[in-house]
Amino acid sequence: MSILVLGGAGYIGSHTVYELIDQNHDVVIVDNLQTGFESLIHPKAKFYKGDLRDSVFLNGVFEKENIEGVIHFAANSLVGVSMKEPLDYYHNNVYGMMVLLETMKNHNVKYIVFSSTAATYGEPKEVPILEDFDTIPTNPYGETKLAMEKMMKWCEEAYDMHYIALRYFNACGAHPNGLIGELHNPETHLIPLVLQVPLKQRDAISVFGTDYPTKDGTCIRDYIHVCDLADAHIKAIHHLMDGHASNIINLGNGEGYSVLEIIKAAEEVTQQPIKTIYCDRRAGDPAKLVACNKKAQEILGWNPKYTNIHEIIQTAWNFYNNK
């Protein structure tokens, strides 16, 4: 029996595949390489290039492979782009989930772990954020992920499918083996953008907004290492296969760092100055997002191993210097 990883050539998906194979799972990857990279695909995984919105293609994969469970990373995830192109996000994310769940139903596959997001909460009234807080997204990205969660809920009611939606915060870092790490084109995540300055790939890092109601006026986020995320997804699929109930679970370190604190930590790791440019706020960016991870600890037995921001940035720095 195999685990199907949708988006397994992407950042978090590739790290999850490496961990699954280290645990002796058979892994099937589906990725259209729109944002994924062939260089991140594990050589021992079976890879199918295609789009999950293509029902003929996806049914073909399910017919060829003996799939027991699905881990779903294949969605568009850029807040800014979603504000400009909401229909693209509904088509890729929501319609893609519909095709996937229909295919799972047709092939009697009952378990799915879904890569959701803290963006489902919108601008929370307090932090740390609990799973039962109101979900009022401030951008189409968060709205589409919330719609995908609700689609799984109703498929459980109708078809006895079981799901765990993992709402996580800011993924970061790289695998300690130095072989895989964070690659996006274009890059939008803060830590790799900051590190591009000492790597001489950009002149400066832009800070969007300095007037947020935070300690230094810049956005605060909960940064969680990609290997900790991979571990949580695998614990979640095992949890479902062991007969436990569906759930929605936050993943985070439970501690927030501001944009300026990340830049300072990167300067300390790289031992180089990082030039900063201050800009206006971006649309759709909440001021502070920090998780309460108690539920993940209690239900999945999950605890993040990477809790020091300097150590997290160091793994990313090692990967970029290894490339």
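Presented here is a report on the structure given in the accompanying data block. Just so it is clear, the structure is predicted and the values come from calculations on it, not from any experiment. (Residues numbered from 1 in each chain as written. Predicted model: local features only at pLDDT ≥ 70, side-chain atom pairs only at ≥ 80, totals over all residues. Heavy atoms only, no water.)

## Thoughts on the side chain of His 162
And step 1. Positionally, His 162 belongs in strand β6 (residues 162–168).
And step 2. In terms of polar contacts, His 162 uses its side chain to reach the backbone carbonyl oxygen of Asp 160, at 3.3 Å.
And step 3. Every residue in contact with His 162, bar those within four places of it in the chain, is listed here: Lys 110, Tyr 111, Ile 112, Glu 156, Leu 240 and Ser 246. (Helix = DSSP H or I, 4+ residues; strand = E, 2+ residues; numbered from the N terminus. Polar contact = N/O pair within 3.5 Å; in protein donor to acceptor, adjacent residues only side chain to side chain. Contact = heavy atoms within 4.5 Å.)

## So, the packing of aromatic side chains
And step 1. As enumerated under the stated definition, the model contains one aromatic pair in all.
And step 2. Relative to Tyr 320, the ring of Phe 319 lies with its centre 5.3 Å away and its plane at 55°, an arrangement referred to as tilted.
And step 3. If you follow Arg 281 out to its NZ or CZ, it ends over the ring of Tyr 212, 4.0 Å from the centre. (Phe/Tyr/Trp six-rings, centres within 6.5 Å; stacked < 30°, edge-to-face > 60°. Lys NZ or Arg CZ within 6 Å of the ring centre and 35° of its normal.)

## A few points about the sheet that holds strand β4 (residues 67–72)
And step 1. In spatial order, the strands read β3-β2-β1-β4-β5-β6-β10; together these seven strands make up an open sheet with parallel pairing. Of all the strands in the sheet, the pair left with one neighbour each is β3 (46–49) and β10 (247–251). This sheet shows a mean twist of 20° between the axes of neighbouring strands, independent of strand direction.
And step 2. The pairing of β6 with β10 spans five bridges and is parallel. Paired with Tyr 168 across the bridge in β10 is Leu 251. (Pairing = 2+ DSSP bridges. Axes fitted to C-alpha atoms, helices over the stretch in contact; angles between N-to-C directions.)

## Brief notes about the pattern of salt bridges
And step 1. Inspection of the entire model under this criterion finds ten salt bridges.
And step 2. Linking Asp 51 and Arg 53 is a salt bridge whose minimum nitrogen-to-oxygen distance equals 2.8 Å.
And step 3. Between Arg 167 and Glu 149 there is a salt bridge, and its shortest N-O distance comes to 2.7 Å. Highlighted residues: Arg 167 in strand β6 and Glu 149 in helix α5 (residues 140–159), separated in sequence by 18 residues. For the pair shown, Arg 167 and Glu 149 are each scored as buried.
And step 4. A cluster of three or more residues bridged by salt bridges with shared partners is formed by Asp 231, Lys 235 and Lys 305. (Salt bridge = Lys/Arg side-chain N within 4 Å of Asp/Glu carboxyl O. Buried < 20%, exposed > 50% of the residue type's maximum accessible area, 1.4 Å probe, protein only.)

Keep in mind these numbers describe shape, not what the thing actually does.
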